[in-house]
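Structure assessment
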Amino acid sequence: AYAMNAVNPQIPNHLVWAILTTLFCCLPLGIVSIVFAAQVNGKIAAGDIVGAREASDKAKKFSMWAAIAGVVVIVLYAIFVVALGGMGALSNSGY
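Overview of the structure. (Residues numbered from 1 in each chain as written. Predicted model: local features only at pLDDT ≥ 70, side-chain atom pairs only at ≥ 80, totals over all residues. Heavy atoms only, no water.)

If you check which residues of helix H2 (residues 15–24) are buried, you get Ala 18, Thr 21 and Thr 22. Considered in projection along H2, the buried side chains sweep an arc of 105° and stay on one side of the axis. Exposed and facing more than 90 degrees away from the buried side of H2 are Val 16, Leu 23 and Phe 24. (Buried < 20%, exposed > 50% of the residue type's maximum accessible area, 1.4 Å probe, protein only. Helix = DSSP H or I, 4+ residues; strand = E, 2+ residues; numbered from the N terminus. Arc of directions from axis to C-beta.)

Written out as structure tokens, the structure reads:
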């Protein structure tokens, strides 16, 4: 058992990153990221190192896309609010 553990590489599962992006950024992409992150340790335990690396890479990719989507939505929302506020101020200036 010791020799088997010695050949198993440390592959990050990115689970914390996946959970944080799910909570704070983009729910759908974050959930996909959590699914892939949850697969990493099981695949390592089963000896599927290639599958574990793929799941780890996908978890990281979906977490990054979730974070980017979250930032884009926040920026667009801020622009929308400022634009509406500006339009409201212009329409009320005639009174």
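So much for the structure itself; the text now carries on.
Scanning all chains against the criterion turns up one aromatic pair. Centre to centre, the rings of Phe 36 and Phe 62 are 5.8 Å apart; their planes meet at 10°, and the pair counts as stacked. With Phe 36 in helix H3 (residues 27–45) and Phe 62 in helix H4 (residues 49–92), the pair connects residues that are 26 residues apart, well separated along the chain. For Phe 36, a relative accessible area of 18% puts it in the buried group. (Phe/Tyr/Trp six-rings, centres within 6.5 Å; stacked < 30°, edge-to-face > 60°.)

Okay, H3 next. Here H3 is 19 residues long and its end C-alpha atoms lie 28 Å apart, about the 27 Å a rise of 1.5 Å per residue gives. All buried positions along H3 are accounted for by Gly 30, Ser 33, Phe 36, Ala 37, Val 40 and Ile 44. Positive backbone phi, at 90°, marks Gly 47, one or two positions downstream of H3. (Expected span 1.5 Å × (residues − 1).)

Ile 11, Val 40, Ile 44, Ala 52 and Ala 55 together form the largest nonpolar core, which totals five residues. Put simply, the parts of the chain that give this core at least two residues each are H3 and H4. Setting aside residues up to four positions removed in sequence, Ile 11 forms contacts with Val 40, Ile 44, Ile 49, Ala 52, Arg 53 and Ser 56. (Core = buried A, V, L, I, M, F, W, Y, C linked by side-chain atoms within 4.5 Å. Contact = heavy atoms within 4.5 Å.)

Along the chain, the position of Ser 33 falls in helix H3. Once you skip the residues sitting within four places of it in the chain, Ser 33 turns out to touch Ala 18, Ala 59, Phe 62 and Ser 63.

Here the phi dihedral of His 14 falls at roughly 60°; this positive angle occurs in a residue that is not glycine. If you trace the backbone, His 14 turns up in the loop between helix H1 (2–7) and H2.

Quick look at the packing of H2 against H3 now. Two elements in contact, H2 and H3, have axes separated by 8 Å at closest approach and are oriented at 160°. The angle between H2 and H3 falls in the class roughly antiparallel. Crossing hand, H2 versus H3: left-handed. Of the residues in H3, those touching H2 at Leu 15, Ala 18, Ile 19, Thr 21 and Thr 22 are Leu 27, Gly 30, Ile 31, Ser 33, Ile 34 and Ala 37. Each residue belonging to the contact of H2 with H3 can be placed in one class, and the counts come to seven nonpolar, four polar and no charged. (Axes fitted to C-alpha atoms, helices over the stretch in contact; angles between N-to-C directions. Parallel < 35°, antiparallel > 145°, perpendicular 65-115°, else oblique. Left-handed = near helix turned anticlockwise from the far one by under 90°. Nonpolar A, V, L, I, M, F, W, Y, C, P; charged D, E, K, R; others polar.)

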